[in-house]
Structures are given as C-alpha cells and as structure tokens.
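Structure at a glance
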Amino acid sequence: MKFSLCLLCLMAGSVLADTTQWSGTSQISFDGTSTLHDWGGKVATKPFATAVTTDAAGNPTRVEATVSVEVAKMDTAEAKRDENMRKAMQAAAHPLITGVIDAPFTAIRQGEAAPATLPLKLTMLGKTQTLTGRISNWKHRGDKATFDLDFDLSLKKSDIKVPSVLLFIRVGDTIKVHAAVSLKRNPS
C-alpha cells in the first residue's frame, strides 16, 4: 500500500512539472579603465546546457545552468596585456571562470514583464561571489531565446591583484562585463 502511494505521488509530480534542456552559447566582452587609457577584451563561453523547469500550465518556475570561460582564451588584442591578465588571474592554477545560475523564475521575471535580472554565483581564483546581472534585449520566439546580460565585477572583491606599471599606471577596480546569450531548446 505504501509503495503504491509513493509511486502515485512520484507520477503525479512528474505530470505537474517538466524540465526542458536548452543549449547555450555566449559571447562576452569586458571593459576596464586605467590611469592611462580604457581597455577591453572578449571571450566566448564554452557551450553550456540550461535546464528550464515548468509547471503543469507550462509556465517556467526554475532556471539552472553552469557556464564556463577559459581564462587562457580571454583576448584584449594586446599580447603583453593578455599575459599580465592571465598572470593576475592565476590562469595556471585557476584555468576556468564559472558562473552558476540556479534561480526560481520569479527572481528573473515578475508577471508578464520581460526578465530583468539574473542572480548568479561567479567563481574566479577559487573564490565564489554572488552577483545580480541586468537582462536587456530579451527575445523569445518558439525554441530560441536571446538576451544581453550585464554586470560589474570588482577586481578587489575577486582577489585579482593587478600590479601597477611604472609606479603610476593603475587599473581601475570595476570591470564591466557584457554577455550576449543565445539559447536553443533541445529536441524532446
């Protein structure tokens, strides 16, 4: 009797919720300042999977994804700056930057409005910090969704120590990160 009741509860739960898998890619740009000039770079994420859980009515209830960037592939279009950046980010010991998204959909979107924020945990140099990105340019049509994600990253809070050059050229603490994200629902 107990087994039948547990089986019935499990079956009912699977009818009430459904999880779909979406394949994702993202192109990231990052921009910083220094006392001499502004600078920037770009990097692509590794392809990633996003799980979207929906309720019985098909409304999204939860979003989960793990997104990774290879530090060695970050490119500022200047070899010496890239070398210094990888050294400051300890690329040999910490080759990946990882972002984890595991949020109820209500944290991303309220009602019928387009998603506005995305909470994420970002791990760099073995240290995890919680950030909230701003979503813009949200487009969802059928099996495809695209959006832009922007957030500010503090070098100090990330434990990234960039040495000064010639004793007076310093890199600013805030790095502006912009990600153009594309998601495509996997066939069932």
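A brief report on the enclosed structure follows. (Residues numbered from 1 in each chain as written. Predicted model: local features only at pLDDT ≥ 70, side-chain atom pairs only at ≥ 80, totals over all residues. Heavy atoms only, no water.)

**Some words on the packing of aromatic side chains**
Aromatic ring pairs are reported here in terms of the distance separating the ring centres and the angle at which the planes meet. Per the counting criterion, the structure on display carries two aromatic pairs. Here the aromatic rings of F30 and W39 are separated by 6.3 Å at their centres, their planes lie at 70 degrees, and the arrangement is edge-to-face. The two residues F30 and W39 agree in class, both being buried. Aromatic pair W138 and F147: ring centres 5.8 Å apart, planes at 35 degrees, arrangement tilted. Overall, F147 belongs to the buried group, its relative accessible area being 9%. (Phe/Tyr/Trp six-rings, centres within 6.5 Å; stacked < 30°, edge-to-face > 60°. Buried < 20%, exposed > 50% of the residue type's maximum accessible area, 1.4 Å probe, protein only.)

**Thoughts on the pattern of salt bridges**
Enumeration over the complete set of coordinates arrives at seven salt bridges. The partner of K80 in a salt bridge is E83, with the nearest N and O atoms 3.8 Å apart. Residue K80 and its partner E83 are both found in helix α2 (residues 79-88); the two are separated by three residues, about one turn of the helix. The class of K80 is partly exposed, set by a relative accessible area of 49%. (Salt bridge = Lys/Arg side-chain N within 4 Å of Asp/Glu carboxyl O. Helix = DSSP H or I, 4+ residues; strand = E, 2+ residues; numbered from the N terminus.)

**Section: the environment of I160**
As for its position among the elements, I160 is in the loop between β8 (144-154) and β9 (174-185). Judged by its relative accessible area of 8%, I160 is buried. Spatially, the C-alpha atom of I160 lies 8.0 Å from that of L125, the residues being 35 residues apart in sequence. The residues touching I160, leaving out its near neighbours within four places in the chain, are A88, M89, M124, L125 and L155. (Contact = heavy atoms within 4.5 Å.)

**Here's the deal with unusual backbone geometry**
The backbone of L125 sits at a positive phi, close to 55 degrees, despite the residue not being glycine. Secondary-structure assignment places L125 in the loop between β6 (117-124) and β7 (127-141). What makes L125 buried here is its relative accessible area of 15%.

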